[in-house]
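The chain contents come next:
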Amino acid sequence: MSIKKISLIAITIIVFGSLAGFAYLQTSNQTKREAYPFSIIDDIGRNVTIRERPTRIVSLVPSASEIVYTVGAANLLVGVDQFSAYPDELTQRVKSGNITNVGSSFNPDLDKVISLNPSIILINGPSQFNAKPIQRLSELGYTVVSLNAQNISGVFSNIEMIGKITGNSEQASKFVSNLRERVAKVESAVKGSPKVRAYIENWNNPLFSVGPGSIQDELINKAGGKNIFSDLPQRSGQVSYEAVITKNPEVMVLFHRLDNSTEIVKSRPGWNVIDAVKKDRVHYISNEKDLGAYGAPGPRIVDGLEKIAVLIHPEIFKSGRNSNIVLLLKAN
Amino acid sequence: MSELTERHSRRIAGWKRTLIVLAVVLTLVSILSLNVGFSRIPFQKIVAVLLQNVPSINQALNMPEPSAAESAILLQVRLPRIFAGILVGAALSVGGVVFQAIFRNPMADPYVIGVSSGAAAGGVAAIAFGFGATILGPFAVSVMAFFGASLTSILVFRLARIGGATPAMTLLLSGIAISIVLSSFVTLTLFLVDPYNNLQGIIFWLIGSLASMSWTEVIVATPLILVPAILINFFARDLNVMLLGEEEAKHLGVEPEILRKIVILLASLAVASAVAISGIIGFVGLMIPHIVRLIVGPDHRILIPASIFGGATYMVVVDAISRVIYPPLEFPVGVITSLAGVPFFLYLLRRKKGNYRI
């Protein structure tokens, strides 16, 4: 046996051995991170089996698309609904054709979704609009995960769930614990301060406000306020000018820009007697831009909490130069 | 002959009595409904607010002083709603009477020549395309709804014109055709708008409500509704004759073509103005004329004014109910209009079985 042959065999053994070892390490590493297959319970109580690490994700929920970015799985995204627009890079990728727009969240173009050959489909639910696409896509053998966060902890578990599904648990939980800290900071800062009566408006004609169980109600409470319509029998409903006058809010937060300016809101019949109007505390907040709660709340919900905290307790909080940062002033 | 004159004057006297009773009922209902709302305001304070310009009386009666919020609620919120209820109810029911007579069709309602779908298309366009951010401001939806309604009725009228005449049948059918087209436009807009943000508001505007009424809207709508509603009364006799048929009407000296044009124009103006401020409220325009007809009879000389009062009273009552039935929420007024009205209508219809006609 020539030295040449021996060395060739040796090299072969070393190369393959190290490859095998590397492969083993890789698998064991991945096993440590996520043991596919596993099953999860999605937000509408369906038991979904995740067979392997997804390679192609279609997201039909704006906030879910954002979460996919947050957990570091953006490169897996191949299709989104028409309202997914955050972060900016996502919009650019849709424009350049790198990500396909599959239409509305509620009535997606199923042909397009299927043609993308997704390994995971993230969809909004439960809703009478979505029951059919969920059922249809599941019947066709696609892995469909329904997301329906209604509050901050729901957003956190959505982030953790998508982290787990995409094999990025670690990044997801890091992100979530950072968010938790920011929430706790706001909560502890308002502790002991008087609750500020707040009116939330989602629509102007007729007036629509929110009740307990809505994300806005939760944000107001956490930011040291008290929703004047916390006695609403449902999450959202039509209220009257008169009820708002009677409940006399100290601050108004409008989640729409249907009126030209806050001046028009202040000049509504009889509203001149309301404290919030007298003290010029009528503010706009955008569901989409400020809360990231478009359709369903997403990772930016805590940014929204901080923004609302500034409106509710301006004596405690102040917006920093970087809009996401909240400076704590003296609490007394 | 003298017996006939006497019977006639007795009938006129009866009508006068009926109208006085209806006017008194409307006034009482309006004052009482001032007391109905989310906020419990004692009746003495209502009297005090109403008489605030005559302080001597208030002092003499020792009335309690209302708070700023209470007088804002009474004068700025409830009072314009009550006036709007009167206007909308009157416009819709007088519109119903006119169209039922013109088309000799008990199914005709004030929206029959496309006013509601025109208003819906205009209003929905204003919401969906953000006209609220223009110079029209908070009145964008009302203004667009008014133009949508008026333009649609003019268009329908022109389409129905055949060789200088506008037969009732073509008018009815072109109204239906245009309504279908406009409804598709509304559906298309609902499909195109952002379901997360705009959908619920548009749908609730389409259902109709008096909740967001301000004095500005009431003041603008008052002449636009009351003038045509009063003028229509002058054509009561002609409408009676029209019910005999067009040929017979011609023999009796009524020009169906001209009459139709004038009364449809007047009714459309009133209905378009009502829809502009309230959205589309169903039932009132279709059923109140029938209910009133069952009570006072089919003669338009009494039917028209009685329907004006009846529709106004009904709308004021129903709006008051919508304010308090499910607090703190506003109940959709259109639901109550039909839930409360249909059983009453059926009761009257069964009692009168056999001799009911338009």
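Criteria and cut-off values
- Residues numbered from 1 in each chain as written.
- Chains lettered and ligands numbered in written order.
- Predicted model: local features only at pLDDT ≥ 70, side-chain atom pairs only at ≥ 80, totals over all residues.
- Heavy atoms only, no water.
- Helix = DSSP H or I, 4+ residues; strand = E, 2+ residues; numbered from the N terminus.
- Buried < 20%, exposed > 50% of the residue type's maximum accessible area, 1.4 Å probe, protein only.
- Pairing = 2+ DSSP bridges.
- Phe/Tyr/Trp six-rings, centres within 6.5 Å; stacked < 30°, edge-to-face > 60°.
- Lys NZ or Arg CZ within 6 Å of the ring centre and 35° of its normal.
- Salt bridge = Lys/Arg side-chain N within 4 Å of Asp/Glu carboxyl O.
- Contact = heavy atoms within 4.5 Å.
- Buried area = accessible area lost by both parts, 1.4 Å probe.
- Polar contact = N/O pair within 3.5 Å; in protein donor to acceptor, adjacent residues only side chain to side chain.
- Nonpolar A, V, L, I, M, F, W, Y, C, P; charged D, E, K, R; others polar.
- Core = buried A, V, L, I, M, F, W, Y, C linked by side-chain atoms within 4.5 Å.
- Patch = residues over 30% accessible without salt bridge, like charges linked within 9 Å, V, L, I, M, F, W, Y side chains within 5 Å.
- Areas by Shrake-Rupley, 256 points an atom, 1.4 Å probe, with all protein chains shown as cover.

Q: Provide a residue-level description of the environment of A:Ser169, including the pertinent values.
A: Residue and element names in this part refer to chain A. Here Ser 169 is to be found in helix α7 (residues 169-190). Given a relative accessible area of 27%, Ser 169 falls into the partly exposed group. Taking the C-alpha atoms as reference points, Ser 169 and Val 310, 141 residues apart in sequence, are found 32 Å from one another.

Q: So what's going on with the pairing of strand β7 (residues 144-147) of chain A? Residues and values would help.
A: All names here are of chain A. Judged by which residues are buried, β7 turns out to be covered on both faces: Val 144 and Ser 146 on one side and Val 145 and Leu 147 on the other are all buried. Here strand β6 (residues 120-124) runs beside β7; their pairing, made up of four bridges, is parallel. By the bridge assignment for β7, Ile 121 is matched with Val 144.

Q: Any details on the packing of aromatic side chains? Residues and values, ideally.
A: All told, the structure shown has nine aromatic pairs over all chains when counted by the stated rule. Ring plane angle 70° and centroid distance 5.9 Å describe the contact between B:Phe146 and B:Phe147, whose orientation is recorded as edge-to-face. Ring centres of B:Tyr326 and B:Phe331 lie 6.5 Å apart, and the angle between their planes is 90°; this geometry places the pair in the edge-to-face category. When its relative accessible area of 26% is taken as the criterion, B:Phe331 is described as partly exposed. Taken together, the ring pairs in this structure connect A:Tyr199, A:Phe229, A:Tyr241 and A:Trp271 into an aromatic cluster. Across the ring face of A:Phe38, the terminal group of A:Lys164 is positioned such that the distance to the ring centre comes to 4.5 Å. If you follow A:Arg300 out to its NZ or CZ, it ends over the ring of A:Tyr86, 3.5 Å from the centre.

Q: Describe in detail helix α8 (residues 215-222) of chain A, supporting the description with residues and values.
A: Because an α-helix completes one turn every 3.6 residues, residues spaced three or four positions apart along the sequence face the same direction. Residue and element names in this part refer to chain A. Within α8, seven of the eight residues are buried, which leaves it mostly tucked inside the rest of the structure. Among all positions in α8, only Ile 215, Gln 216, Asp 217, Glu 218, Leu 219, Ile 220 and Lys 222 are buried. Positive backbone phi, at 85°, marks Gly 224, one or two positions downstream of α8.

Q: Before we move on, can you summarise the pattern of salt bridges with the specific residues and values?
A: In the structure shown here, the tally under the stated rule is 22 salt bridges over all chains. Among the ionic pairs, B:Arg10 bridges to B:Glu6, the shortest N-O distance being 3.6 Å. A residue pair is termed a helical-turn pair when its members lie 3 or 4 positions apart in one helix, as B:Arg10 and B:Glu6 do in helix α1 (residues 2-33) at four residues. Two residues, B:Glu330 and B:Arg81, come together in a salt bridge whose shortest N-O distance is 3.0 Å. Highlighted residues: B:Glu330 in the loop between α14 (300-324) and α15 (333-351) and B:Arg81 in helix α4 (residues 68-102), separated in sequence by 249 residues. Given the relative accessible area of 2%, B:Arg81 is considered buried. Each of A:Arg182, A:Asp303 and A:Glu306 takes part in salt bridges that share partners, so that together they form one network.

Q: Explain the interface of chain B and chain A residue by residue, including any values.
A: How big an interface is tends to be expressed through the accessible area that disappears when the partners come together. Listed as interface residues are 36 residues of chain B and, on the opposing side, 37 residues of chain A. Summing both partners gives a buried area of about 3,100 Å² for chain B against chain A, and 65% of it is carried by carbon and sulfur. The partner of B:Arg78 in a salt bridge is A:Glu242, with the nearest N and O atoms 2.3 Å apart. Linking chain B with chain A are six residue pairs in polar contact (both at pLDDT 80 or more), by the criterion used here. In terms of residue count, the dominant contributor to the side of chain B that touches chain A is α4(B) (eight residues). Grouping the constituent residues of the side of chain B that touches chain A by class yields 19 nonpolar, 13 polar and four charged.

Q: Help me get a handle on the nonpolar core, residues and values and all.
A: Among the nonpolar cores identified, the biggest contains 95 residues, and B:Phe103 and B:Ile113 are the most heavily contacted of them. If we skip the residues at most four places from it in the chain, B:Phe103 touches B:Ala108, B:Val112, B:Ile113, B:Ala168, B:Leu171 and B:Leu172.

Q: Lay out a nonpolar patch on the surface in plain terms, naming residues and giving numbers.
A: Judged by side-chain polarity, B:Phe129, B:Phe185, B:Leu188, B:Phe191 and B:Leu192 come together as a nonpolar surface patch covering roughly 550 Å² of accessible area. By the element assignment, B:Phe129 lies in the loop between α5 (115-128) and α6 (140-159).

That is the geometry; function is a separate question.
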